[in-house]
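# Working through the structure, step by step
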Amino acid sequence: MEHRPRYNQPFTLSEAILLDVSTISEEITRLQYSIKRLRETQETLQVVINEAESPETADVEIIQAFKENQEVMCVTCSLGKCSQEERILILKLALADKGVSSGAHYELDTGTQTTMEIPPHNPNG
């Protein structure tokens, strides 16, 4: 079984297959929780940004945090899977190699994905 990841990952599929089932399952759960919490944070940040009187008056640090979450943690991707989601896929493939069905228990809740275009900040307002 071979998988070529789009993003740099901390482990390969071959390495993941060497892990025991409980370790793989725990890592999938941890990653899913991380993605869920990040999306919730993005929703909160988006509300704060939207409540600003204008794009120019939105808190620069809030906008920066929102952008960093999108870029670094990959909350939204225009090309499909994100780095953490790809890592979950690798782990699911490792489970499948061991004859374990990951089933619906390990599916991501994509209904909470946050997307928003942030207007450029004008420091001269």
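An account of the accompanying structure is given in this report.

The rules behind these values
For every chain, the first residue of the written sequence is number 1, and numbering continues from 1 onward in sequence order. Under the rules for a predicted model, residues below a pLDDT of 70 receive no local features and side-chain atom pairs below 80 are neither given nor counted, while totals for whole chains, interfaces and linings still include all residues. Each side-chain value is worked out from all heavy atoms of the structure, with water and hydrogens disregarded. Comment: elements are numbered from the N terminus, with helices defined as DSSP H or I runs of at least four residues and strands as E runs of at least two. Contact criterion: two residues are considered in contact whenever any of their non-hydrogen atoms come within 4.5 Å of each other. For the accessible areas, the method is Shrake-Rupley and the probe is 1.4 Å, while residue cover comes only from the protein chains on display. One less than the number of residues in a helix, times 1.5 Å, gives the span that helix is expected to have. Per-residue accessibility, obtained with a 1.4 Å probe over protein chains only, is compared with the maximum for each type, and a residue is labelled buried under 20%, exposed over 50%, and partly exposed between these values.

Turning our eyes to something else, we now look at the overall build of the protein chain. Within the protein chain one finds 4 helices and 0 strands. Along the protein chain, from the amino end to the carboxyl end, the secondary structure elements read α-α-α-α. Sequence separation of 24 or more characterises 79% of the internal contacts of the protein chain that already satisfy a separation of 6 or more. A total accessible area of about 8,000 Å² is found for the protein chain, and carbon and sulfur atoms account for 50% of it.

Each α-helix winds once per 3.6 residues, and so residues spaced three or four apart point in a common direction. Across its 15 residues, helix H4 (residues 83-97) extends 21 Å between first and last C-alpha, which sits within 8% of the 21 Å expected from 1.5 Å per residue. Counting buried residues in H4 gives 11 out of 15 residues, a clear majority hidden from the surface. Within H4 the residues assigned to the buried category are Ser83, Gln84, Glu85, Glu86, Arg87, Ile88, Ile90, Leu91, Lys92, Ala94 and Leu95. Looking at the buried positions of H4, the neighbouring elements they touch are helix H1 (13-17) and helix H2 (21-51). Two residues or fewer after H4 comes Gly99, characterised by a positive phi angle close to 85°.

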